[in-house]
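# Observations on the model geometry
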Amino acid sequence: MNRYKAQRRVQIDESETPKYDDDVQDEEQQEENGIRLRPSDSNVTEDQEPFMGFKARRKASLRREYKGDYLDVPSRPFLMKILQKQGDKQVLFADKVLKFTSSGKMKRRILMITDFAIYIVDPDTDALKRRIALAAVDKMCLSELSDNFFAIIIPTEYDLLMASTRKTEIVTVLVEATKSASEYELEVVFSNRFEYNASADLVKEVQFEEVEGGVRTRIVRK
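Throughout this description, residue numbers start from 1 for each chain and increase along the sequence as written. Where local features are concerned, this predicted model is filtered to residues with pLDDT of at least 70; where side-chain atom pairs are given and counted, the filter is 80 or more; whole-chain, interface and lining totals use all residues. Only heavy atoms go into the side-chain values, all of them from the structure, while hydrogens and water stay out.

### Comments concerning the pattern of salt bridges
One side-chain nitrogen of Lys or Arg within 4 Å of one carboxyl oxygen of Asp or Glu is enough to make a salt bridge. If you walk through the whole model with that rule in mind, you get 10 salt bridges. Linking Arg193 and Glu205 is a salt bridge whose minimum nitrogen-to-oxygen distance equals 3.2 Å. Note that Arg193 is positioned in strand S11 (residues 193-199) and Glu205 in strand S12 (residues 202-211), a separation of 12 residues in sequence. Arg218 serves as the salt-bridge partner of Glu209, at 3.2 Å between the closest nitrogen and oxygen. You can call Glu209 partly exposed: its relative accessible area is 23%. The exposure class assigned to Arg218 is buried, which follows from its relative accessible area of 10%. Via salt bridges that share partners, Glu176, Lys179 and Glu185 belong to a single interconnected network. Helical segments are the DSSP runs of H or I of at least four residues, strand segments are the runs of E of at least two, and each set is numbered from the N terminus. The rule is simple: take the accessible area with a 1.4 Å probe, protein chains only, and divide by the maximum for that residue type; under 20% is buried, over 50% is exposed, in between is partly exposed.

### A short note on the packing of aromatic side chains
Between 30 and 60 degrees the pair is tilted, below 30 it is stacked and above 60 it is edge-to-face, where a pair is any two Phe, Tyr or Trp rings, Trp via its six-membered ring, whose centres lie within 6.5 Å. Scanning the model with the defined rule gives four aromatic pairs in all. Ring geometry for Tyr70 against Phe93: centres 5.9 Å apart, planes inclined by 65°, an arrangement best described as edge-to-face. Of this pair, Tyr70 sits in the loop between helix H1 (59-63) and helix H2 (77-86) while Phe93 sits in strand S3 (residues 91-100), and the two are 23 residues apart along the sequence. Residue classification places Phe93 among the buried residues on the basis of a relative accessible area of 0%. Each ring, one from Phe194 and one from Phe208, has its centre 5.7 Å from the other, and the planes form 40°; the classification is tilted. Taken together, the residues span a long stretch of sequence, with Phe194 in strand S11 and Phe208 in strand S12 at a distance of 14 residues.

Here it is as structure tokens:
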């Protein structure tokens, strides 16, 4: 088994992808104690953000208004072609995100959420990399800290680990879309340690630790 360590500060031009200021490490190492925060008070209703009150949120995210389509999908023929081929018409969310591969590399991807599915598109090749039916999503995993990471758990396939400064909106959209499409409420799990299947036969654990000036994130091979 290869042992590797990589600590990096991810900063990407906001004109293409939002900045991510958290320290990220993808490594094999001994377990360290995670930090669990008590639920915080919130005036946000459950209809607006079902998971508020259980997570320490950035002040900016509390003031942010949701736009949904940050890419103007109708103006992008390659995205419209992908949607039309699948029979999807209603785009609930679209934006550029960072996706973590099974090897720990970060890739720029377009995340689109419709009323039926999740789409992952390569913005460099305009190719559809993955389509996941909303009905196949079991739950979402997030930390209790103010980071940008979230995992989408798909038991019948392999999971997705991504990062976005619009994570709050993504979770809200997925919860509401799943409720509308499948008549069940998507489970949102908060923990400063959670596991996800990076591939069919590879399990990793994401660990979050609050440090001075931000959050340190480690991705550990199990």
